[in-house]
Amino acid sequence: MDLGSGSKEKFYSARIVNRRDIADDLWSIRVHPGAEFHFLPGQYATLGVLAPHKHIERPYSIVSSPYEPELEFFFELVPRGELTPALHKLQVGDELTVRRMAKGRFTLDTDSNAKRKNHLLLATVTGVAPFVSYIRTLYQDAGQNKFPDGHKLFLLEGASHSWEFGYPEELKRFAAEVPWLEYVPTISRPWDDTKWTGERGRVDDLIRKYSHLWGLTPETTSAYLCGHPKMIENSKGILTRAGWVKEQIKEEVYFVPKERIAVI
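Residues numbered from 1 in each chain as written. Predicted model: local features only at pLDDT ≥ 70, side-chain atom pairs only at ≥ 80, totals over all residues. Heavy atoms only, no water.

**Overview of the packing of aromatic side chains**
- Here the structure, examined in full by the defined rule, presents 16 aromatic pairs.
- With a centroid separation of 5.6 Å and 55 degrees between ring planes, the pair formed by Phe131 and Tyr134 is classed as tilted. With Phe131 and Tyr134 both in helix H2 (residues 129-143) and three residues apart, the pair spans about one turn of that helix. We note that Phe131, like Tyr134, is buried.
- Arranged with centres 5.9 Å apart and planes meeting at 40 degrees, the rings of Phe165 and Trp196 form a pair that is tilted. (Phe/Tyr/Trp six-rings, centres within 6.5 Å; stacked < 30°, edge-to-face > 60°. Helix = DSSP H or I, 4+ residues; strand = E, 2+ residues; numbered from the N terminus. Buried < 20%, exposed > 50% of the residue type's maximum accessible area, 1.4 Å probe, protein only.)

Written out as structure tokens, the structure is:
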């Protein structure tokens, strides 16, 4: 992959070492970045491919933990998008570019307020990516006696159908094993998914229910919203009316194809 002179100062040439197809339009990849890549859980990497006449790039949240030697990403195909159709064609062994520096402030805040040790995580589909990174990292931290004392994560993850969840078994396993994680996946189109026996409804429809069940209040809880822009808009309104203030809410808005906007 040749980007011309000076490109080595800006980009790594990363190679795909694993690909997992989750649904027709959802997949994950693991890449070897080609060199050491530093990031914090919740940050994103800028990925790119070479088109015939230009280099196309977009930011994507990192799923993996900094403890892992490879970078993992979870994608949704945008059929008429500029980059995801090209990424969707890539297979194990293919290359893509990764800008050398991770960016983003959507990181887990365990320092700014001693009273807020609860973290409410709200996600739709690929928006779960940074939360998986949080959880994998905290799990490793706990094994090294570096876990932030007293902190707990409460993850509510939504999708239209159960087959759109990217990491349900992993998250269920963590939640069953550790005392600091609660995990509830929910689907909004159960009539299309008749074998589903779990929670039903959109994420924003369930915030009040689970905030009450989990005992989460603005005084003790920070909120993190990632994924579908409508979910984020609605959830911010619900949280604000319940007493959360702007400084207690972090958000990471993902683009979502128009055909999904009405159903998630």
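Additional details are given in the paragraphs that follow.
**So, unusual backbone geometry**
- Look at Val125: it is not a glycine, yet its phi comes out positive at around 45 degrees.
- Note that Val125 resides in the loop between strand E7 (118-124) and H2.
- Owing to a relative accessible area of 2%, Val125 belongs among the buried residues under this scheme.
- With phi around 60 degrees, Asn145 is a residue other than glycine that occupies positive phi space.
- Following the sequence through the fold, Asn145 ends up in the loop between H2 and strand E8 (152-159).
- For Asn145, a relative accessible area of 75% corresponds to the exposed category.

**Notes on the sheet that holds strand E11 (residues 221-227)**
- Here six strands make up an open sheet; going across it, the order is E10-E9-E8-E7-E11-E12 and the pairing parallel. The sheet is open, and its two borders are formed by strand E10 (199-200) and strand E12 (249-253), each paired with just one other strand.
- Where E11 lies against E12, five bridges are found, and the strand directions are parallel. Paired with Cys226 across the strands is Glu252, a residue of E12.
- Together, E7, E8, strand E9 (181-187) and E11 form the strand contacts of H2, whose direction differs from that of E8 by roughly 150 degrees. (Pairing = 2+ DSSP bridges. Contact = heavy atoms within 4.5 Å. Axes fitted to C-alpha atoms, helices over the stretch in contact; angles between N-to-C directions.)

**Considering the pairing of E7**
- Counting buried positions along E7 yields seven of seven residues, so the element is predominantly enclosed.
- Side chains Asn118, Leu120, Leu122 and Thr124 project from E7 onto one buried face, and the interleaved His119, Leu121 and Ala123 project onto a second face that is buried too.
- Crossover handedness for the path E7 to H2 to E8: right-handed.
- As paired elements, E7 and E11 share six bridges and run parallel to each other. Within E11, the residue paired with Leu120 across the bridge is Ala223. (Right-handed = clockwise from strand over helix to strand, strands pointing away.)

**Some remarks on the side chain of His119**
- Within the secondary structure, His119 sits in strand E7.
- On the basis of relative accessibility, which here comes to 0%, the residue His119 falls in the buried class.
- A distance of 2.8 Å separates polar atoms of two side chains, one belonging to His119 and the other to His151.
- Once you skip the residues sitting within four places of it in the chain, His119 turns out to touch Leu108, Asp109, Thr110, His151, Lys152, Leu153, Phe154, Thr221, Ser222 and Tyr224. (Polar contact = N/O pair within 3.5 Å; in protein donor to acceptor, adjacent residues only side chain to side chain.)

**Some remarks on helix H3 (residues 168-177)**
- Among the residues of H3, Pro168, Glu170, Leu171 and Phe174 are the ones counted as buried. The buried residues of H3 occupy one face: seen down the axis, they fall within an arc of 165 degrees. Residues Glu169 and Ala176 are exposed on H3 and point more than 90 degrees away from its buried face. (Arc of directions from axis to C-beta.)

**Comments concerning the confidence of the model for the protein**
- On average, residues of the protein score 93 in pLDDT, and 93% of them reach the 70 mark or higher.
- Low confidence marks residues 259-264, where pLDDT is under 50. Its contacts with residues over four positions away, or in another chain, come to 22 contacts. (pLDDT = per-residue confidence, 0-100.)

**Considering the packing of H2 against H3**
- Here H2 crosses H3 at 40 degrees, and the two axes come no closer than 11 Å. Judged by the inter-axis angle, H2 sits oblique to H3. Seen along the crossing, H2 lies across H3 with a hand that is left-handed. Side by side, H2 and H3 meet where Val132, Ile135, Arg136 and Tyr139 of the first sit next to Glu170, Leu171, Phe174 and Glu177 of the second.
- When the residues that make up the contact of H2 with H3 are grouped by side-chain class, the tally is five nonpolar, no polar and three charged. (Parallel < 35°, antiparallel > 145°, perpendicular 65-115°, else oblique. Left-handed = near helix turned anticlockwise from the far one by under 90°. Nonpolar A, V, L, I, M, F, W, Y, C, P; charged D, E, K, R; others polar.)

**Quick look at helix H4 (residues 203-214)**
- Along H4, the residues classified as buried are Val203, Asp204, Leu206, Ile207, Tyr210, Ser211 and Trp214. Projected onto a plane normal to the axis of H4, the buried residues spread over an arc of 145 degrees and lie on a single side. Turned more than 90 degrees away from the buried face of H4, the exposed residues are Arg208, His212 and Leu213.
- In this structure, the buried residues of H4 make contact with E7, E8, E9, E10 and helix H5 (229-241).

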